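Topology and contacts: notes
Residue-level listing of the chains:
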Amino acid sequence: MPRLILLRHGQSQWNLENRFTGWVDVDLTAEGEAQARRGGELIAEAGFKPAVMFTSVLTRAKRTGAIALQSAGLKDVPTIEDWRLNERHYGGLTGLDKAETAKLHGEDQVKVWRRSYDVPPPPLAPGGEWDFTADPRYAGQDIPDTESLKTTLDRVLPYWNSAIAPRLEAGEDVLIAAHGNSLRAIVKHLFDVPDDKIVGVEIPTGNPLEIDLDAELKPVSARYLDAGRAESLPAIA
Ligand SMILES: O=C(O)[C@@H](CO)OP(=O)(O)O
């Protein structure tokens, strides 16, 4: 039975500063590094030995995965990076303070932008500080200027199907070190979460989420390895 572990990056500098981050390449805080190390210890305690780690092209996810593997005694596990595991693109909200944005637009509107399934934030204006079109990591790619969770899933799912699922179907265990919303997209797909219920799914930083899968890659059981920092999980059908 293949095992999958989803690991959201540890606390980032902008998690701490409460700013909309998306594709901005901020690093981990010292607390985030400690969360990643603790995540690795829990992975080792669970006896989890992934054949491969998938991660995004963003530093906070790559470093979290590397720190966790190192502290699990698994530093030789091969790593595959792809931008399709990036955090959802926060469009015109990128870089803004979340609390100030809520004062300006109202808590309800900000919750819709942050957690609804298919309402994207306003698009990012071209040419500004957070325009990623010239970033060599995205050369030749048709990159978005904003994303809802739905459009995030639209780019995560083909990557899941072509790169990740085949490894699990071959019976390998897999670690994915990524982001709150790229992982929510994978959880929505795996647990078949209805569009109006995904708003309630939160993934804590640095807390490995173990999902045991059957041969059809349907979840059989799931648990956060750090039970003290767990959030509720969707029901298993
Ligand atoms: O700012 C972001 O990119 C994300 C993740 O930290 O925030 P949110 O909690 O709004 O999805």
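Residues numbered from 1 in each chain as written. Predicted model: local features only at pLDDT ≥ 70, side-chain atom pairs only at ≥ 80, totals over all residues. Heavy atoms only, no water.

Within an unreviewed UniProt entry, the label attached to the chain reads 2,3-bisphosphoglycerate-dependent phosphoglycerate mutase, and the organism entered is Brevundimonas goettingensis. Taken directly from UniProt, the Pathway (unreviewed entry) text for the chain runs: "Carbohydrate degradation; glycolysis; pyruvate from D-glyceraldehyde 3-phosphate: step 3/5." According to its UniProt record, the chain has this under Function (unreviewed entry): "Catalyzes the interconversion of 2-phosphoglycerate and 3-phosphoglycerate." (UniProt positions renumbered as here; feature names shortened; annotations may be inferred.)

**Considering the sheet that holds strand β6 (residues 219-224)**
If you trace the six strands from one edge of the open sheet to the other, you get β3-β2-β4-β1-β5-β6, paired in mixed fashion. Both outer strands of the open sheet, β3 (79-81) and β6, are each paired with one neighbouring strand and no more. Between one strand and the next, the sheet's axes are offset by a mean angle of 20°, whatever the strand orientation. As paired elements, strand β5 (residues 209-213) and β6 share five bridges and run antiparallel to each other. Residue Leu209 lies in a different strand from β6, and its bridge partner there is Tyr224. Strands β1 (3-8), β4 (174-178), β5 and β6 of the sheet are contacted by helix α7 (residues 180-191), whose axis makes an angle of about 150° with β1. (Pairing = 2+ DSSP bridges. Helix = DSSP H or I, 4+ residues; strand = E, 2+ residues; numbered from the N terminus. Axes fitted to C-alpha atoms, helices over the stretch in contact; angles between N-to-C directions. Contact = heavy atoms within 4.5 Å.)

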